[in-house]
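Tertiary structure, described
Residues per chain, in single letters:
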Amino acid sequence: MITIPYLTALTTYFSYGLLFAFGQFRDFFRKIFDWWQASNLQGYAPICLGLEDFYIRRLYLRIQDCFGRPIASAPDAWFDVVERYSNDCNKTLKRTEKKSRCLNLGSYNYLGFAAADEYCTPRVIDSLNKFSASTCSTRVEGGTTALHEELEECVANFVGKPAAVVFGMGYVTNSAILPVIIGKGGLIISDSLNHNSIVNGARGSGATIRVFQHNTPPHLEKVLREQIAEGQPRTHRPWKKIIVVVEGIYSMEGELCKLPEIVAICKKYKAYIYLDEAHSIGAVGKTGRGVCELLGVDTGDVDIMMGTFTKSFGSCGGYIAGSKELIQYLKYTCPAHLYATSISPPAAQQIISSIKVILGDDGSSRGAQKLARIRENSNFFRSELQKMGFEVLGDNDSPVMPIMLYNPAKIPAFSRECLKQNVAVVTVAFPATPLLLARARICISASHTKEDLLKALEVISQVGDLVGIKYFPAEPKKQLQPGKETIKLE
Amino acid sequence: MYVRAEPTTDLNKNTEWFTYPGVWSSYILIVFFSWLIVLSLLGTSPGTAWTIVHLSHFFVTYHFFHWKKGTPFADDQGIYNGLTWWEQIDNGRQLTRNRKFLTVVPLVLYLIASHTTDYRNPVLFLNTLAVVVLVVAKFPNMHKVRIFGINADH
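The shown structure was predicted, so the numbers you read here are calculated from the model rather than taken from an experiment.

Procedures and definitions
Residues numbered from 1 in each chain as written. Chains lettered and ligands numbered in written order. Predicted model: local features only at pLDDT ≥ 70, side-chain atom pairs only at ≥ 80, totals over all residues. Heavy atoms only, no water. Helix = DSSP H or I, 4+ residues; strand = E, 2+ residues; numbered from the N terminus. Buried < 20%, exposed > 50% of the residue type's maximum accessible area, 1.4 Å probe, protein only. Contact = heavy atoms within 4.5 Å. UniProt positions renumbered as here; feature names shortened; annotations may be inferred. Domains from an automatic or database assignment. Buried area = accessible area lost by both parts, 1.4 Å probe. Salt bridge = Lys/Arg side-chain N within 4 Å of Asp/Glu carboxyl O. Axes fitted to C-alpha atoms, helices over the stretch in contact; angles between N-to-C directions. Parallel < 35°, antiparallel > 145°, perpendicular 65-115°, else oblique. Expected span 1.5 Å × (residues − 1).

Remarks on the environment of isoleucine 242 of chain A
Residues and elements named next belong to chain A. With respect to the helices and strands, the residue isoleucine 242 is situated in strand β7 (residues 242-247). Its relative accessible area of 10% is what places isoleucine 242 among the buried residues. Not counting residues up to four positions away in its chain, the partners in contact with isoleucine 242 are Leu187, Ile189, Leu224, Ile228, Ala271 and Tyr272.

Things to note about the UniProt feature "transmembrane region" (unreviewed entry) in chain A
Per the UniProt entry, the sites bearing "transmembrane region" (unreviewed entry) are residues 6-25 of chain A in this numbering. For residues 6-25 of chain A, the end-to-end C-alpha separation is 29 Å, with 100% helix and 0% strand making up the annotated structure.

Overview of unusual backbone geometry
Even without a glycine there, the phi angle at tyrosine 119 of chain B is positive, about 55 degrees. On the secondary structure map, tyrosine 119 of chain B appears in the loop between α4 (97-116) and α5 (121-137).

Description of the UniProt feature "transmembrane region" (unreviewed entry) in chain B
All names here are of chain B. The residues that UniProt annotates with the feature "transmembrane region" (unreviewed entry) are residues 21-42, 101-117 and 123-140. Annotated as residues 21-42, this span is 91% helix and 0% strand, and its ends, taken at the C-alpha atoms, are 33 Å apart. Taken end to end, residues 101-117 comprises 94% helix and 0% strand; its first and last C-alpha atoms sit 25 Å apart.

Some points on the domain arrangement of chain A
Residue and element names in this part refer to chain A. Along its sequence, chain A is organised into domain 1 (6-104 + 368-467) and domain 2 (119-359). Distance from the C-alpha centre of domain 1 to the C-alpha centre of domain 2: 29 Å. Opposite the 19 residues of domain 1 that make contact, domain 2 presents 16 residues. Counting each side, the surface lost to burial between domain 1 and domain 2 is near 1,300 Å², with a carbon and sulfur contribution of 60%. Taken as a group, Leu371, Asp395 and Arg441 account for 34% of the area that domain 1 buries against domain 2, more than any other trio of residues on that side. The tally of links from domain 1 across to domain 2 stands at 1 salt bridge.

Some details on the packing of helix α5 (residues 170-181) of chain A against helix α10 (residues 324-333) of chain A
All names here are of chain A. Following both chains from N to C, one finds α5 and α10 inclined at 105 degrees, their axes separated by 11 Å at the closest point. Comparing their axes, α10 and α5 come out roughly perpendicular. Contact residues: α5 offers Ile177, Val180 and Ile181, while α10 offers Leu326, Tyr329, Leu330 and Thr333.

Topic: the pattern of salt bridges
Opposite charge on two side chains lets them pair, provided their charged atoms get close. Residues and elements named next belong to chain A. Counting across every chain of the model gives 20 salt bridges over all chains. Taking the shortest distance from any N to any O, the salt bridge between glutamate 83 and lysine 98 comes out at 3.4 Å. A residue pair is termed long-range when its members are at least 10 positions apart, and glutamate 83 in strand β2 (residues 78-85) and lysine 98 in strand β3 (residues 94-104) qualify at 15 residues. Judged by its relative accessible area of 29%, glutamate 83 falls in the partly exposed class. Looking at lysine 98, the relative accessible area reads 51%, which means it is exposed. Ionic pairing is found between lysine 420 and glutamate 417, a salt bridge with its closest N-O pair at 3.1 Å. In this pair, lysine 420 and glutamate 417 both sit in helix α14 (residues 410-420), 3 residues apart, roughly one turn of the helix. Linked through salt bridges whose partners overlap, the residues forming this network are Asp27, Asp53, Arg57 and Arg58.

Brief notes about helix α12 (residues 345-359) of chain A
For an α-helix, 3.6 residues make a turn, and residues three or four places apart therefore share a direction. All names here are of chain A. Between the first and last C-alpha of α12 there are 21 Å, a value that for 15 residues agrees with the 21 Å anticipated at 1.5 Å per step. Among the 15 residues in α12, 13 count as buried, and that is most of the element. One or two positions beyond α12, positive phi appears at glycine 360, with a value near 85 degrees.

Shown next, in the form of structure tokens:
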């Protein structure tokens with residue numbers, strides 16, 4: 001639940017209205033100029049239809065230097081950001097040779113595996129020498145190596161399910177699996193803030209899609225009851241299958257899913273659950289097994305568990321874990337398994353090694369240390385930000401914390417001012433978030449030390465004062481109290 | 001003072017901003033401030049200023065709500081390309097609170113404009129024409145109707 005000051009809401013609407021009006025004026029004059037000058041593009045079809053690229057041309061390109069910054073080193077806790085300049089008001093950006101060393105608050109580097117690791121990297125280089133960089137083939141033809149078999153077993157054990165199948169890309173895992181497990185005559189009920197890959201997969205499946213209010217189990221129950229009573233759209237026959245799709249941690253809100261209540265509702269109405277743990281696997285839970293362990297849900301109750309290896313494991317790819325029959329069926333029908341190149345062997349080895357580190361199978365306690373460190377770092381950072389008066393979303397224990405900005409002008413201001421002080425943050429605006437609710441999203445990593453966090457807090461506090469985003473009153477300074485602090489908001 | 005923003009179930013990013021708190025007030029305030037600006041810059045009588053605001057409101061809202069089709073970004077793969085903004089809001093459901101509000105605003109503007117110009121004839125005709133076109137365009141029966149094929153898809 002987001003609490004906006006009313007005046008900020010009004011000024012945000014006004015700002016967007018102004019930006020929209022200016023964009024329309026410029027487009028109007030551009031049309032007149034283009035009509036006036038003959039163009040040499042006779043006979044070519046237009047690339048974009050109508051006003052489809054209005055947002056990109058008139059709003060996104062103006063602040064393009066805040067997005068897509070190229071980096072020149074591995075995305076560890078500190079990294080090199082390449083400086084860019086523009087001669088035509090951000091329409092084109094040119095790279096310079098200069099780099100600045102910045103604190104990385106934007107990478108999904110939850111457990112610190114993004115840079116070279118003392119256990120994982122030697123093994124990855126070994127497997128690169130042994131298996132080469134790519135299998136150059138699909139899983140069913142020549143792309144299944146011993147590493148792939150070991151990886152699938154490892155993942156299934158880690159997640160707590162009988163079997164698993166691994167794909168080369170995380171986005172494709174969602175968009176290629178959903179059409180295979182449900183089709184026309186089925187019903188997909190998905191959370192309103194689900195990721196684009198789930199939306200694409202659901203649209204591609206041909207099933208009817210209904211949306212329930214984000215993380216609100218009573219509304220899910222209401223939608224389920226309504227849909228089960230009505231049946232399929234015109235024939236009113238009973239649905240062939242109902243799947244409820246939720247995510248473990250929502251990457252734009254940092255909130256945990258209310259999994260126990262949702263599982264109870266789905267059991268009551270006999271619907272299947274599909275849990276997308278892209279951000280929560282490896283990052284939450286006592287041994288890193290994700291949101292089921294954190295909230296105490298039995299993994300047998302969740303029918304399909306999906307996740308990606310990009311975030312906590314420092315690799316690439318995605319997996320689906322479920323019962324043996326389900327995985328067998330997927331291996332026969334899923335196009336990502338039958339026609340797409342299998343996951344690259346060094347990437348597979350990185351996942352296997354990082355899972356071994358997390359579980360402590362490499363003989364050291366680094367995994368447990370990393371998990372404890374990320375939990376402490378996230379809780380400390382979040383409580384300090386809330387004490388300073390920022391509006392920070394997300395639950396305790398979640399390593400993702402969005403700071404609300406709201407106004408479109410504050411997005412580039414916050415981003416550029418932080419970069420000047422060598423802190424790199426990721427700001428998220430319109431199509432990824434609702435129009436009003438632009439935010440700066442901070443991802444804490446286990447490789448951030450206490451000094452890094454304190455420096456980040458200092459810089460963010462200064463920039464926050466300058467930009468004016470401390471929407472809540474700050475807590476007065478008192479002595480450090482041990483234990484959990486409860487934050488009182490208005 | 002603070003308001004709570006509940007996340008909506010509207011998947012269409014082009015229209016879901018209209019369901020958040022503060023939109024109605026912003027709309028009314030923008031119309032009022034544009035009246036003040038017209039009054040101060042052009043120095044006409046208040047009635048003429050209201051007529052100018054009413055007619056430009058007609059042109060702007062007709063163009064953006066009932067003429068332009070589709071969405072200003074490509075993420076939704078063009079599934080709304082045949083629908084105007086008015087047909088897209090609230091997922092196409094008719095007679096919701098937002099739609100009722102948007103129908104009342106031009107009517108109130110018409111009443112203010114015609115009252116402050118004392119119902120004199122040339123401007124009264126223009127104002128009435130504007131409000132009739134706008135209100136008819138917002139009827140539930142006009143959902144997805146294209147008269148004489150004007151503005152229809154290819």
